[in-house]
Amino acid sequence: SKAKANRVRRLAEWDGQQLRGLARKHGTPLYVLDPDRVRENAARLRDAFPNADVSYALKANTTRTVLEAIETSGLGAECASAGEVQRALAAGFPAERIRYTAVNPPDRDLEYVISRSQTDDFVLTIGATDTLDRVLERGYSGRLCVRVNPGVGAGHHAKVTTGDAPQFGVPYDRAADVCTSIRKEATGVDLVGIHAHAGSGISGDDLASHRELVRRMGVLGREIGALDFIAVGGGFGVPYYPDEPPLALDSVAAATRKAYGDCDAQLAIEPGRYLVADAGVLVTTVTTVKPTAETTVVGVDAGMTTLLRPALYDAHHEIRTLTPDRDGREAMSCRIVGPICETSDVFARDRSLPAPVRSDQLVVGNAGAYGYEMSSQYNSRPRPAVVTVSGETVSRRETLSDLTRLEQNN
Ligand code: LLP
């Protein structure tokens, strides 16, 4: 039902018995994805922004299962690399709905997208006049968008606040001139849009920054004129704490519309996290329980190589035990750590769990966004498997021999 789809999916709502069954069958650490939830999130966004172009920022989760769920929901694709463009095309996104936002792009990326642009009509977004020159030198003649540095940022952490970082976009006060000279001099390309992104993990508290970004982009868009779209980025946050309220999407949409003002160009948004965060969890098994003077250390078989966010951003992820409550288990404070030889390999420093014992299974919430996507093989740890709630394999678990598969001399 719509009411149900409108609620945020809390970790406690995942079926523990089903997750335990999947863990038994596929082993842990294991990412579990619910494509239906991705579709619900997509539908909710489209309802909230009825006339906007809603695209998905692939970087949050590029698995084929997620991409197909989003493509069939009618959204577009915002890509950050040649690899993401290739994945979007392979998953069936029509090129017309693909935008490649080139952030300091390597030559190889430009060469790939420019050769594809012979047949595929996507939008190439440049964030520096230098990039524009490189694109023109290589004969690009498709649709072009200029990324603007809006001078206003927002986000859950300084490391993901892009809107005021000089590495992203043409300075706001130069953007109109850049667009004018593209129209005058780069007559082979078709300037169709402008783009900006404030940052990632925008909460209700950041709404003023979001509004200001949208307002500035509306002003700029009217000044430039004759644009198909103005993209105001993604960044819509999701609650990571159990009692944290979800973003009031309808009021964000209303505020966005109002700040955008009267403009012929279509408003475009490109959330990543919002579409997939609560559509994924990570299941992990307790391998060590060690009482120390300071805390009880609970070692699990997932680590910062499986889910990097706590180590990189001090991000909070809710963690629950999946093992049915046994009598007499008292809640205790735990430090939940992974198997990597770094003190940064900590999921939670002081987290209350029913007294854990070895081989308990734990589930980590909101792992659908920037989870598997940021996983690595550091410490020669094979990447985990990804399955759907109904048990289909999305991506198989890597084996030890996968670790050396690219090396030439073994
Ligand atoms: N558009 C652009 C141009 C972006 O750079 C990003 C994210 C998005 C859209 C989507 O943002 P979202 O809606 O997902 O917040 N690894 C970090 C997040 C980095 C996001 C970088 N750019 C994390 O795990 O929090």
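What counts as what
Numbers given for residues are sequential positions, taken from 1 along each chain in its written order. Residue-level local features of this predicted model are given only where pLDDT is at least 70; pairs of side-chain atoms are given and counted only at 80 or more, and the full residue set underlies all totals for whole chains, interfaces and linings. We call a residue near a molecule or strand if the C-beta atom, set from the backbone, is within 6 Å of it. A run of DSSP states H or I qualifies as a helix once it reaches four residues; a run of E qualifies as a strand once it reaches two. Both are numbered from the N-terminal end. In this classification, Asp, Glu, Lys and Arg are treated as charged, Ala, Val, Leu, Ile, Met, Phe, Trp, Tyr, Cys and Pro as nonpolar, and every other residue, Gly included, as polar. The split into domains, and so the bounds of each, comes from an automatic or database assignment of domains. To estimate how far a helix should reach, multiply one less than its number of residues by 1.5 Å. Buried residues are those with 20 or more other C-beta atoms within 10 Å of their own C-beta, exposed residues have 12 or fewer, and partly exposed residues lie in between; C-beta atoms are placed from the backbone. It is the directions from the helix axis to the C-beta atoms that the arc portrays. Any two residues are considered in contact once their C-beta atoms, placed from the backbone, lie within 7 Å. UniProt positions are given in the numbering used here, feature names are shortened, and annotations may be inferred rather than shown by experiment.

Bringing the site of the ligand into the picture now. As a matter of local geometry, the ligand sits amid 22 residues, with Ala57, Ser200, Gly234, Gly272 and Tyr370 nearest to it. Elements with a minimum of two residues in the shell around the ligand: α11 (273-276) and α12 (309-313). By residue class, the composition of the shell around the ligand is eight nonpolar, nine polar and five charged. Taken domain by domain, the makeup of the shell around the ligand includes at least three residues from each of domain 1 (35-271) and domain 2 (278-404).

Here helix α8 (residues 172-185) is 14 residues long and its end C-alpha atoms lie 20 Å apart, about the 20 Å a rise of 1.5 Å per residue gives. Residues of α8 that are buried: Ala175, Val178, Cys179 and Ile182. Here the buried residues of α8 occupy an arc of 100° about the axis, which is enough to place them on one side. Across from the buried face of α8, at angles greater than 90 degrees, the exposed residues are Asp173, Asp177, Ser181, Lys184 and Glu185. Structurally, α8 contributes buried residues whose contacts are with α7 (129-137), β6 (143-149), β7 (170-171), β8 (190-195) and α9 (207-224).

The next point concerns the UniProt feature "domain: Orn/DAP/Arg decarboxylase 2 N-terminal" (unreviewed entry) in the protein. Per the UniProt record, "domain: Orn/DAP/Arg decarboxylase 2 N-terminal" (unreviewed entry) is found at residues 37-277. When the span residues 37-277 is considered, its composition is 40% helix and 17% strand, and the gap between its end C-alpha atoms is 10 Å.

Thr28 connects to Pro29 through a cis peptide bond whose omega is -5°. Following the sequence through the fold, Pro29 ends up in the loop between α2 (16-26) and β1 (30-33). Residues other than glycine seldom take positive phi values, yet Asn379 does so here, at roughly 65°. Note that Asn379 resides in the loop between β16 (361-364) and β17 (385-388).

Mapped onto this numbering, the UniProt entry gives "binding site: pyridoxal 5'-phosphate" (unreviewed entry) at Gly235, Glu270, Pro271, Gly272, Arg273 and Tyr370. Checked against the element boundaries, Arg273 lands in helix α11. Beyond its immediate sequence surroundings of up to four residues, Arg273 is in contact with Ala60, Ser200, Gly201, Val238, Ala369 and Tyr370. Mapping Tyr370 onto the fold places it in the loop between β16 and β17. Every residue in contact with Tyr370, bar those within four places of it in the chain, is listed here: Ala60, Arg273 and Arg309.

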